[in-house]
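# Structural characterization, general
Chain by chain, the residues run as shown.
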Amino acid sequence: MTAAADHLILCVSQPSLSGCDEGRLLAALHRAGRSVFAGPVTALRLEGPGLGLAAALRQARDGGARRVRVQPVGFPLAANILAWLPGAVAHFAATEAGDMAVDLADPPEPEEAATALAPLLAGSRSRDARTLRPALGKPGWQYPPDFDTHILVCTGPRCAFLGSGTLQARLKARLAETGLADRCLVTATGCLFPCNQGPVLAVYPRGLWFRIPDEAALDRILSDVVAAGGHAPDLALSGRPGRRRVRTLSASATGSFS
Ligand code: FES
């Protein structure tokens, strides 16, 4: 471990994790970090609504850290995350770190999973599957919910780095406050591709895509686009110049595409 690091940030990548499980995972990671590292430890998930990596780096910087170690955790960490993470950390180091040094540690090798597996096999209980109730679904999972607007919110790692977690929490709160929650189905997604302009949100069935740089922008999307049925052109993301639009499925009886 880098001797001079005085703050440790543990980063786990797990796109599909409930809030409850995220809390347990991060608490366990934090405890593990504290057991091997003398200074402050931050545990975070690279996706989702919690504390993002950029925010954690700012917290460390503002807390007086002189050198922070960013430690990816996972067996294995997804290749796309490992390809993106160095650039994101370097971007923060170049633009926001100030006097704080930032080290990016290697992720664990897949073979190291064996070390973690041994105590698990030795200590955990197991249950005969025939003692459990078979069920592939719940009664409420039979029909699509009633809604007229589908909002896709990117919770991918790059949008999370740019603050989508805070916006996602605000989106839910504002939908409830404004009475729009019953009309809108909100789906958190993985990467939707225009990461460079993140955080990204899409509104369907109108097929409108937006960048959400701050909370004011989110409020405008809800009031002007979702509630009033209008548009917010200055926040809209359009297709790549010169690229033909993705073809849409025709409703014609021939079943052909148009
Ligand atoms: S991570 Fe959000 S668009 Fe890629």
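Predicted, not measured: the structure shown is a model, and the values here were computed from it. (Residues numbered from 1 in each chain as written. Predicted model: local features only at pLDDT ≥ 70, side-chain atom pairs only at ≥ 80, totals over all residues.)

## Some details on the environment of Ala-56
The condition that has to hold: The secondary structure listing takes helices from DSSP runs of H or I that are at least 4 residues long and strands from runs of E that are at least 2 residues long, numbered from the N terminus. For the exposure call, what matters is how many other C-beta atoms sit within 10 Å of a residue's own: 20 or more marks it buried, 12 or fewer exposed, and in between partly exposed, using C-beta atoms placed from the backbone. A pair of residues counts as a contact when their C-beta atoms, built from backbone coordinates, are within 7 Å of each other.
Inspection of the secondary structure assignment puts Ala-56 in helix 2 (residues 53–62). Judged by the 21 C-beta atoms lying within 10 Å of it, Ala-56 falls in the buried class. For the pair Ala-56 and Ala-43, spaced 13 residues apart in the sequence, the C-alpha separation amounts to 8.9 Å. Those residues in contact with Ala-56 that sit more than four places away from it in its chain are Ile-9, Thr-42, Leu-44 and Leu-51.

## A look at the nonpolar core
Note the cut-off: The term nonpolar core means buried Ala, Val, Leu, Ile, Met, Phe, Trp, Tyr and Cys residues held together as one set by C-beta atoms within 7 Å. For the domains described, the bounds stem from an automatic or database domain assignment.
Judged by nonpolar contacts, the single largest core of 46 residues is most densely connected at Ile-9, Cys-11, Leu-53, Val-68, Val-102, Leu-201 and Ile-221. When residues of this core are assigned to domains, at least three map to each of domain 1 (7–110) and domain 2 (144–237). Leu-53 has contacts with Cys-11, Leu-44, Leu-46, Ala-88 and Phe-161, leaving out every residue within four places of it along the chain.

## As for the pairing of strand 1 (residues 7–12)
Moving residue by residue along a regular strand, the side chains alternate between the two faces of the sheet. Here is the rule we go by: Whether two strands pair depends on DSSP finding at least two bridges between them.
The buried fraction of strand 1 amounts to 6 of the 6 residues, a majority that puts the element mostly inside the structure. Taking every second residue as pointing to the same face, both faces of strand 1 are buried, with His-7, Ile-9 and Cys-11 on one and Leu-8, Leu-10 and Val-12 on the other. Pairing of strand 1 with strand 3 (residues 67–73) involves 6 bridges; the strand directions are parallel. Along strand 3, the bridge assignment pairs Leu-10 with Gln-71. Bridge count between strand 1 and strand 2 (residues 41–45): 5 bridges; the pairing is parallel. The residue of strand 2 that forms the bridge with Leu-10 is Ala-43.

## A look at the pairing of strand 5 (residues 149–154)
Pairing geometry for strand 5 and strand 6 (residues 184–189), over 6 bridges, is parallel. Residue pairing in the sheet places Leu-152 in a bridge with Thr-187 of strand 6. Bridge count between strand 5 and strand 7 (residues 200–204): 4 bridges; the pairing is antiparallel. Its bridge partner lying in strand 7, His-150 is registered against Tyr-204.

## Examining unusual backbone geometry
The residue after Gly-198, namely Pro-199, is reached through a cis peptide bond having omega -5°. With respect to the element layout, Pro-199 can be found in the loop between strand 6 and strand 7. The omega torsion of the bond from Tyr-204 to Pro-205 falls at 15°, within 30 degrees of zero and hence cis. Mapped onto the fold, Pro-205 is located in the loop between strand 7 and strand 8 (208–211). A positive phi angle, close to 100°, is found at Phe-193, a residue other than glycine.

## Regarding the sheet that holds strand 4 (residues 101–104)
Stated precisely, the cut-off is as follows: Every angle, taken between N-to-C directions, lies between 0 and 180 degrees, and every axis is a line fitted to C-alpha atoms, over only the stretch in contact when it is a helix.
Here 4 strands make up an open sheet; going across it, the order is 2-1-3-4 and the pairing parallel. Of all the strands in the sheet, just strand 2 and strand 4 have a single pairing partner and so form its edges. Each strand axis lies, on average, 20° off the axis of its neighbour in the sheet, ignoring direction. The pairing of strand 3 with strand 4 spans 4 bridges and is classified as parallel. Paired with Val-68 across the strands is Val-102, a residue of strand 4. On the sheet, helix 2 packs against strand 1, strand 2, strand 3 and strand 4 and is oriented at approximately 175° with respect to strand 1. Across the face of the sheet, helix 3 (residues 79–95) comes into contact with strand 3 and strand 4 while running at roughly 175° to strand 4.

## Quick look at the confidence of the model for the protein chain
Note the following rule: pLDDT measures the predictor's confidence residue by residue and takes values from 0 up to 100.
Taken residue by residue, the protein chain gives an average pLDDT of 86. The fraction at 70 or more is 90%. Averaged pLDDT values for the elements of the protein chain fall to 74 in helix 4 (residues 113–123) and rise to 97 in strand 8. Note that residues 248–258 has pLDDT below 50 and, in this model, 7 contacts with residues that lie over four places away or in other chains.

## Things to note about the environment of Ala-78
One can find Ala-78 in the loop between strand 3 and helix 3. The class for Ala-78 is partly exposed, based on 14 C-beta atoms found within 10 Å. Taking the C-alpha atoms as reference, Ala-78 lies 7.6 Å from Ser-13; in sequence the two are 65 residues apart.

## Comments concerning the sheet that holds strand 9 (residues 236–237)
The 5 strands lie next to each other as 6-5-7-8-9, forming an open sheet whose pairing is mixed. Two strands in the sheet have a free side with no partner beyond their single neighbour: strand 6 and strand 9. Contacts between helix 6 (residues 164–178) and the sheet are confined to strand 5 and strand 6, with strand 6 contributing the most and set at about 165° to the helix. Where helix 7 (residues 215–227) meets the sheet, its contacts fall on strand 5, strand 6, strand 7 and strand 8, and the angle it forms with strand 7 comes to roughly 20°.

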